[in-house]
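# Architecture at a glance
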Amino acid sequence: MRTATRLDALGTEDAYVVLDRAKQLEAQGHRVLHLEIGEPEMATPPHVVEAGIRALREGRTRYAVAPGVPELRDAIAQSLRARGVRAAAENVIVTPGAKPMLFSAALALIEPGDEVLCPDPGFPIYASVVRFAGGRPVYYPLDEARAFGPAVDAIAARVTPRTRVLVLNLPHNPTGGVASPEDLERLAALAERHDLWILSDEVYGQLRYDGRCDSIAALPGMSERTVIVDGFSKTYSMTGWRLGYGVMPAWLAEPMTTFVINNLSCTATFVQYAGLAALTGSQDCVHQMVAALRTRRDLVVRGLNAIDGVRCATPAGAFYTFPDVSGVLDRTGVTCEALADRLLGEAHTALLAGTAFGPEGAGHLRVSYAGGAHDLELALERIGRWVGRLAAVA
Ligand code: PLP
C-alpha cells in the first residue's frame with residue numbers, strides 16, 4: 001500500500017516536532033521550558049469563554065452556513081476598519097483557524113508551475129502548501145538591518161512572468177519583523193505592475209509594539225488582489241478553539257465557499273459565537289496582552305544580548321525574537337540545529353533552529369516569548385549558563 005504522491009510535497013512545522021520531544025522529556029520527569037511554540041500562555045478572556053458556553057447551552061451545536069455565521073462575518077468585516085481595510089460580510093469566509101484559510105487560498109490561487117514569492121526565513125507552511133498546490137516557492141530575503149522587513153528590491157528582482165502570488169506575513173514569524181508604510185506602498189505598486197495576488201498573513205497584525213495596525217489591503221486598489229488570512233488564535237489566546245478567516249474579493253468568496261463545503265462543511269458554530277464576543281466585547285484583553293508581551297520581549301532581548309556571542313534585535317511585533325547566535329556557533333563549531341537540539345536535550349529548554357524557517361535562518365535561533373515571564377527568566381539563565389559551558393570546553 002502507498003499514499004498518493006502529492007503528499008510527498010508537504011513539509012511540516014518543526015515547532016510541533018520539538019514540542020513532541022519536549023513532552024517526552026517531561027514524561028521522564030524533566031522540567032522543560034517552552035520557548036518553541038507560538039502560543040500565548042494567557043487564558044482565553046473569560047467573557048469569550050462564557051459566550052462559548054452560552055452558545056453551547058443555547059443549542060448552537062448544529063451546522064452553520066458554510067462561509068460562517070452572518071453576525072461573525074459582519075463583525076470581522078467591521079473589525080478590519082482598524083487596519084484601514086473596507087470590507088463587508090460578503091468578503092469574509094470563516095474557517096477553523098487561519099491555517100485552513102492559508103491552505104484553501106493556496107489551492108484556489110496557484111496553478112501548477114506558478115511561482116510564489118515566500119519569505120526566507122518564513123513560516124514553513126507557506127512553501128509546503130505552495131508545493132502541494134503544484135506551485136514553486138521562490139524565496140525572498142528580509143532586511144535584518146531594517147526591522148526584518150521584506151527586502152523590496154530583492155522581491156522585485158525575483159518576479160518573472162510565472163510569478164502569481166506574493167506571500168507577506170506582517171508582523172513576521174519568526175522574526176517579529178514589520179514593513180514601513182513606504183515599503184508597503186512599493187510592494188503594492190509591484191503587485192499592480194505584475195498583476196500579482198497578495199496572500200497577506202496578518203495573524204500577528206494586532207500584536208504590535210509600535211502602535212501601528214495596518215494592512216497592504218488598505219492601499220488603493222489592493223483589496224481586489226489581496227487575500228487577508230487572520231484568526232483568533234494569537235490575538236485572543238484562542239489557539240485550541242480553532243477559529244480563523246480569510247478576507248477576499250466577493251467574487252472569490254463564492255468559489256471559496258464551494259471549497260469549504262467540500263472539505264470543512266463549516267466552522268464549529270458555538271466557537272463562532274465565542275469569536276463574535278471576542279470582536280464585539282471590550283478590547284482591553286488585547287491591550288493587556290500586548291502590554292504583557294512587550295515586558296517579556298524587553299526581558300528576552302536584554303537577556304539574550306547579555307550572552308556572549310548572541311546579538312538580538314528588538315522586534316516590533318508578534319511574540320518572537322530571532323537572535324543571531326553566529327558568535328556562539330563560530331566559537332563552538334556547532335550548527336544552529338545542533339545548538340537548538342542540545343539546548344533541549346541537555347538544558348531542557350525548547351526553542352527552534354533558525355533553519356526551521358528556511359536556509360536564510362542559518363546562524364539564528366527562534367525564541368518565542370509568549371510563555372510565562374518566570375519561565376522566560378529561567379530559560380535565559382539556562383541558555384546563558386549552558387552556552388558559557390559549551391564555549392569553555394570548545
Ligand atoms: N500563520 C502564521 C504566521 C503562524 O505563525 C501561525 C501559527 O503559528 C498560523 C498562521 C496559524 O494560525 P492558526 O492557529 O489560526 O491556524
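Note that this is a predicted model, so its numbers are computed, not measured.

## Some remarks on the overall build of the protein chain
Scanning the protein chain from N- to C-terminus turns up 13 helices and 14 strands. Its C-alpha atoms put the protein chain at 60 × 55 × 55 Å along the principal axes. Here the protein chain holds 394 residues, and 57% of them are scored as buried. Taking the intrachain contacts of the protein chain between residues at least 6 apart in sequence as the baseline, contacts between residues at least 24 apart amount to 74%. For the protein chain, the computed accessible surface area is about 16600 Å², with 53% contributed by carbon and sulfur atoms.

## Section: the pattern of salt bridges
Counting across every chain of the model gives 24 salt bridges. With a shortest N-O distance of 3.1 Å, Arg297 and Asp298 are connected by a salt bridge.

## A look at the site of the ligand
Lining the immediate environment of the ligand, one finds 13 residues, of which Ala98, Asp201, Tyr204, Ser233 and Lys234 sit closest. Contact between the ligand and Asp201: a nitrogen atom at 2.6 Å from a side-chain N or O atom of the residue. Here an oxygen atom of the ligand and a side-chain polar atom of Arg242 are 2.8 Å apart. Expressed as a share of its isolated accessible area of 400 Å², the protein-covered part of the ligand is 92%. Taken together, the residues that form the shell around the ligand break down as five nonpolar, four polar and four charged.

## Section: the packing of aromatic side chains
Each aromatic ring pair is specified by the distance between its two centres and by the angle formed by the two planes. As enumerated under the stated definition, the model contains nine aromatic pairs in all. The cationic tip of Arg60 hangs over the ring face of Tyr273; the distance from NZ or CZ to the ring centre is 4.0 Å.

## Side note on the domain arrangement of the protein chain
Each assigned domain of the protein chain is listed here: domain 1 (5-43 + 285-393) and domain 2 (46-280). Distance from the C-alpha centre of domain 1 to the C-alpha centre of domain 2: 26 Å. Listed by partner, the interface residues are 39 residues for domain 1 and 33 residues for domain 2. Summed over both sides, the interface of domain 1 with domain 2 buries roughly 3000 Å², with 62% coming from carbon and sulfur. Viewed at the interface, domain 2 and domain 1 are joined by one salt bridge. The closest approach of N and O atoms between Glu13 and Lys99, which form a salt bridge, is 2.6 Å. Where domain 1 packs against domain 2, one counts 17 residue pairs in polar contact (both at pLDDT 80 or more). Looking at the side of domain 1 that touches domain 2, the elements with two or more residues in it are helix H10 (284-305) and strand E11 (320-321). When residues of the side of domain 1 that touches domain 2 are assigned to their parent elements, the largest contribution, seven residues, is made by H10. Of the residues belonging to the side of domain 1 that touches domain 2, the class tally is 22 nonpolar, eight polar and nine charged.

## A word on the packing of H10 against helix H13 (residues 373-393)
Two quantities define a packed helix pair, namely the angle between the helix axes and the distance between the axes. For the pair H10 and H13, the least separation of the axes is 10 Å and the interaxial angle reads 5°. On the basis of the axis angle, H10 is roughly parallel to H13. Contact with H10, carried on its side by Arg296, Leu299, Val300, Gly303 and Leu304, involves Ala373, Leu376, Glu377 and Leu380 of H13 and no other residues of that element. Taken together, the residues of the contact of H10 with H13 sort by class into six nonpolar, one polar and two charged.

## Some details on the pairing of strand E10 (residues 244-247)
What you see with E10 is no split at all: Gly244 and Gly246 on one side and Tyr245 and Val247 on the other are buried throughout. Two strands pair when backbone bridges link them, and strand E2 (residues 92-95) and E10 are joined in this way by four bridges, in the antiparallel orientation. For Ile93, the partnering residue across the bridge sits in E10 and is Gly246. Where strand E9 (residues 226-231) meets E10, four bridges bridge the pair, whose relative direction is antiparallel. Counted as the bridge partner of Gly231 is Gly244 from E10.

## A few points about the environment of Val167
Inspection of the secondary structure assignment puts Val167 in strand E7 (residues 163-169). Apart from the residues within four sequence positions on either side, Val167 is in contact with Val116, Leu117, Cys118, Pro119, Tyr126, Tyr140 and Leu199.

## So, the side chain of Asn169
The topology assignment puts Asn169 in strand E7. Owing to a relative accessible area of 3%, Asn169 belongs among the buried residues under this scheme. Within polar-contact distance, the side chain of Asn169 engages the backbone oxygen of Asp201 at 3.1 Å. In contact with Asn169, not counting residues within four places along its chain, are Tyr126, Asp201 and Tyr204.

## Let's talk about the state of the cysteines
Put plainly, two cysteines are in a disulfide when a covalent bond ties their sulfur atoms together. As enumerated under the stated definition, the model contains zero disulfides in all. For the unlinked cysteine Cys336, the closest cysteine sulfur is that of Cys312, found at 15 Å.

## Some points on the sheet that holds strand E13 (residues 352-353)
Pairing is antiparallel across the open sheet formed by three strands, whose spatial order is E11-E14-E13. Edge positions in the open sheet fall to E11 and E13, since each of these has one partner strand only. Of the strand pairs in this sheet, E13 and strand E14 (residues 365-368) are connected by two bridges, and their pairing is antiparallel. Within E14, the residue paired with Leu352 across the bridge is Arg366.

## A short note on the side chain of Thr235
Structurally, Thr235 is set in the loop between E9 and E10. For Thr235, a relative accessible area of 2% gives the class buried.

Conventions adopted
- Residues numbered from 1 in each chain as written.
- Predicted model: local features only at pLDDT ≥ 70, side-chain atom pairs only at ≥ 80, totals over all residues.
- Heavy atoms only, no water.
- Helix = DSSP H or I, 4+ residues; strand = E, 2+ residues; numbered from the N terminus.
- Buried < 20%, exposed > 50% of the residue type's maximum accessible area, 1.4 Å probe, protein only.
- Contact = heavy atoms within 4.5 Å.
- Areas by Shrake-Rupley, 256 points an atom, 1.4 Å probe, with all protein chains shown as cover.
- Salt bridge = Lys/Arg side-chain N within 4 Å of Asp/Glu carboxyl O.
- Near = heavy atom within 4 Å.
- Polar contact = N/O pair within 3.5 Å; in protein donor to acceptor, adjacent residues only side chain to side chain.
- Nonpolar A, V, L, I, M, F, W, Y, C, P; charged D, E, K, R; others polar.
- Phe/Tyr/Trp six-rings, centres within 6.5 Å; stacked < 30°, edge-to-face > 60°.
- Lys NZ or Arg CZ within 6 Å of the ring centre and 35° of its normal.
- Domains from an automatic or database assignment.
- Buried area = accessible area lost by both parts, 1.4 Å probe.
- Axes fitted to C-alpha atoms, helices over the stretch in contact; angles between N-to-C directions.
- Parallel < 35°, antiparallel > 145°, perpendicular 65-115°, else oblique.
- Pairing = 2+ DSSP bridges.
- Disulfide = S-S within 2.5 Å.

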